[in-house]
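One letter stands for each residue in the lines below.
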Amino acid sequence: MITLHEKEQLLARKEAYASFTSESEDNLTSQLSHLLNQAGDSQELLAIRYMQGEYYFHCSDYETAIFKWEKVTDTVLHDWAMKNIADTYRELRDFKRAESLYQAITPNASIVLKLENDLSLFALYREDRRIQDAVKLLHQIVAIDPEYKEVNFMALDFFEAESLYHDALLFIVSEIKRLQDANNDFWIMKLREYIQQERIQMLYPGHLTEVIKVLFAKGEKIFNEVISMLWESYRSSDKHVLWLHAFNFTYKVLENEGYDLKPIASHYQPSFHSLMFEEHDIKEVKNLMPTLLKNWWKISKDERPIIQSYMFAWNDVFLTPFSKDMLADIKDREAHNHKEHILFLQDVSNRFLQWIKQEDFLLPNGLNWWVHYLQKFEELHLFVAGTFSNGKSSVINTIVGEELLETEVLPTTSTMVVLEHQHEQNVQLIHRQDIKQLDSLEDFKTLTTINHDSGKGTHTKGFVHFALPNPRLEMHSLSLIDSPGFNDNEDGANEVLDHLNLADGILFVLNARTPFTKEEKIKLLEIHEKNSDIPLHFLLNKIDIEEDEEDAEDLLEDTNRKVKKHFKNALVQPFSSLTNTDFYINEFMSFVDRGFRRNYLEHRGKHLVSKLLEATHYIKEEDLIRVEKEYNQSIKKRLKLVADLNVEKQQIREYCTQQKELLLQELHKARTVFVNRVWETVPPKMRACTRMLRPDSNLQTVHLDINQYMNQEIKSSWEQELKPALLFEIKRWLDSKNASEMRMKIKKHQFQVKIEGLVGKDMSLHYHEKFLSVLLENVESTIYEKQLKEIQVLPLTSPMRMLTGVQKIIGGSSQSFFYNRYKKQLEENTFIEAVEGIFNQVLSHFDHIEEIVKDSWSNIVSSLEEQIEKEVDFQREVNQEEIQALSTFKEQKQEYIERVNLYAFAVKSMKYYLEKNAQNVPEKRESLIES
């Protein structure tokens, strides 16, 4: 009796007929036919037909197989028959019909049938290159039973064959999670393989949270290996922060008692640096950092001093509490690599300054200089101090090999001077807010020296940075800081106390004639009380006063004893600027290495921390406000500028309108004068012409003769009187026009200067300056050459005919009657026709000039307004950009603050580290950096 599972497997292989036949395959046809004839009921009949279909399918008689299976209805074998028919159509490459049949399988089909049906449909999709459909279906099959016929391995093979590595990764991860600790070695091996091939980077790290737990359960070795591989791979991708989230928020709930996770611990430091210095979302960093620090603490043992410093600083800046155990005192700090963290501080400083520059923030010039100076960790900064007349300046000149400082008896140093090697000489006076360049060595000496004899010189606030090419300073990586004498603080300030944070140590110059006086002791104890951690050693200058070697040794021993009484760790080194200087200089350099270079990095680090914190505070509390204020001021200024430009534009229009009206008024005056001249001249001339009328004149034609004579008079008057008068008026008007052009040129320059003052740049207003001359240059010649055309002064109708109507009314028909009446008519005539005839031919010149004047001034106004409007549009566009920039700045302001806080956190972590380190390390320790 076969089981249901065995039966379904036979159906899946299309071998159900094997359970009903017992003889060789050669007799299967006849045996199945016999069974068909012996079938007792319809169900048995359908089963035999189903098995016949299987047999014909295996014989590749697909048509007969389909025919048999189509007869299988109303039975539990119906869905299997449909699936087999679909398989047959797939064999025949009729994918469309096959897919339709696969998809028609009833939902109530058995699990095995569903799986077999879906596997066949998957094969169809794969053969038809419908890869996305195949992937979707494969996920459905795996979701039902991933181990059915090892479909999980088949799925992986398919994904890899089709280069679907992301799907393959998701599947590998799902299998690791599904199998947990049982038989998942193969899938972990595949995960490692994908990591090695750098394909893991295409996977979102959030998918790995459960895998991390599974790996942890597998044991320390596999956890270290795979997590380290994942960490290394994601660190070089854009999903680094996402990986840190996935791992750290998963690991924080795991208990790692007994696990040694040093390989994983080694990844935290570079990832921490990445969070600090690379472009990441500040909110993500803030969210991640506390968990990262806690996990780092749990995993690492060796790096706990620095991690604890990070925790203190994070709590200080972002108010995130850590457990008391994590913040408890840690011993054995001396075993840690302090140099690494000093370099980290230097990196923080560099990146902070780069960020400030990138974002256009500004530090005060003096503070900016100070930070850069303190960053030079390869260079020892030695503060040279001493009382007046101890020869401090001579010592410095001897060491650098140049007479830079005044060394006479009366002059004394009035200002702090930082001497440093650079390839080019540069002397600057440093104040907090500004830096002033000094042009010459003479300026330097004048500024830094007080001559007590002449009364010249004074104490200067700030200090001087004197950079110069100096092989000795360069060779020994040394910078010397000269200071005013202890007993030369006329203004009540002590430069030593004010600027000690520039230095890595104090070299106090003693005078061999009066070594270690009471005054010096008091001053040095005052310094030591406030700066107990700064190294202090002594230079016994002018040792050459003791010519006998034994006396010199006794003097040195006695001075050493006095010094040790108050400063037990201080060294005393003899020196002379007068004799055997090469020897003393070499001894001095060895003394500096021995006395100052041992622990100077931590001391420098503290000073740099102080200045960097001052810088972060300045950016948040002052410069962010400055930037926003400057945006607002610039926007307001530009709005006012636009308004002022529009006022200027209106004033230009008004001025041009005024000039145009003045010219037109002058033109109208000229026209009026000419018109009056015509009225004064022409009518009398015309009346004089009526004398041609005689009592015996032929009244039929006399008007034609008189009209001709009048025209001769008009032309004569035109040439002799009217034209000269018109030319005179035109010339006088042209003089007005020229004066107007000159006034406009001057006014345009005034407008231009004013507008350039408003916009703060060159802006050349332009138009055609001879705007009327070009258009009017032919007016005079045209008038001069003008000949008047004949004017019809008298009516064309003859006097006789014109007076016939009058004669009928009043009577009379004699020649004398007509003569008298016509004579009277002529005498009373105004001769307006003659005047208007002249005007019609001449006054058009005035109209033409007026039209030119109006058009020209209109063009001038349009040209100037267009130029100003273009600038107005530009200023409005810039203003809109600034308004948008201000809006963006306001949106980003909190992000800027958080970014500064992140730098402040890094700096404060070094502050805590250096302070804790100073409390716990032995006094003597090897140098961190070779001298």
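Residues numbered from 1 in each chain as written. Predicted model: local features only at pLDDT ≥ 70, side-chain atom pairs only at ≥ 80, totals over all residues. Heavy atoms only, no water.

### Observations concerning the overall build of the protein
(1) Moving on: Secondary structure assignment for the protein yields 36 helices and eleven strands.
(2) Moving on: Split into buried and exposed, the 931 residues of the protein put 50% on the buried side.
(3) Moving on: Sequence separation of at least 24 residues holds for 78% of the intrachain contacts in the protein that already meet a minimum separation of 6.
(4) Moving on: Carbon and sulfur atoms make up 48% of the accessible area of the protein, which totals about 46,000 Å². (Helix = DSSP H or I, 4+ residues; strand = E, 2+ residues; numbered from the N terminus. Buried < 20%, exposed > 50% of the residue type's maximum accessible area, 1.4 Å probe, protein only. Contact = heavy atoms within 4.5 Å. Areas by Shrake-Rupley, 256 points an atom, 1.4 Å probe, with all protein chains shown as cover.)

### Description of the environment of lysine 786
(1) Moving on: Within the secondary structure layout, lysine 786 lies in the loop between helix H32 (779-785) and helix H33 (799-810).
(2) Moving on: Distance in space between the C-alpha atoms of lysine 786 and tryptophan 718 is 9.6 Å, their sequence separation being 68 residues.
(3) Moving on: Apart from the residues lying within four places of it in its own chain, the contact partners of lysine 786 are Trp718, Glu719, Lys723, Gln841, Val842 and His845.
(4) Moving on: Within the structure, lysine 786 has its side chain in polar contact with the backbone oxygen of glutamine 841 (distance 3.2 Å). (Polar contact = N/O pair within 3.5 Å; in protein donor to acceptor, adjacent residues only side chain to side chain.)

### Examining the packing of aromatic side chains
(1) Moving on: Using the criterion set out here, one finds 55 aromatic pairs in the structure.
(2) Moving on: Centre to centre, the rings of tryptophan 370 and phenylalanine 463 are 5.5 Å apart; their planes meet at 75°, and the pair counts as edge-to-face. Here tryptophan 370 is found in helix H21 (residues 365-374), whereas its partner phenylalanine 463 is found in strand E7 (residues 463-468), with 93 residues between them in sequence.
(3) Moving on: When its relative accessible area of 11% is taken as the criterion, tryptophan 370 is described as buried.
(4) Moving on: Classification of phenylalanine 463 by relative accessible area gives buried; the value is 2%.
(5) Moving on: Cation over ring: arginine 604 sits above phenylalanine 377, and NZ or CZ is 5.7 Å from the ring centre. (Phe/Tyr/Trp six-rings, centres within 6.5 Å; stacked < 30°, edge-to-face > 60°. Lys NZ or Arg CZ within 6 Å of the ring centre and 35° of its normal.)

### A few points about the nonpolar core
What tends to happen in soluble globular proteins is that the nonpolar side chains get buried as a cluster.
(1) Moving on: Formed by 210 residues in total, the largest nonpolar core has its most connected members in Phe247, Phe538, Phe588 and Phe905.
(2) Moving on: With 13 residues, the top contributor of residues to this core is helix H36 (residues 844-920).
(3) Moving on: Setting aside residues up to four positions removed in sequence, phenylalanine 538 forms contacts with Leu507, Phe508, Leu510, Phe516, Leu524, Val563, Phe567, Ala570, Leu571, Val572, Gln573 and Phe591.
(4) Moving on: Counting residues in each nonpolar core, the second largest holds 65 residues, with Val682, Trp718, Phe751 and Ile755 among its members. (Core = buried A, V, L, I, M, F, W, Y, C linked by side-chain atoms within 4.5 Å.)

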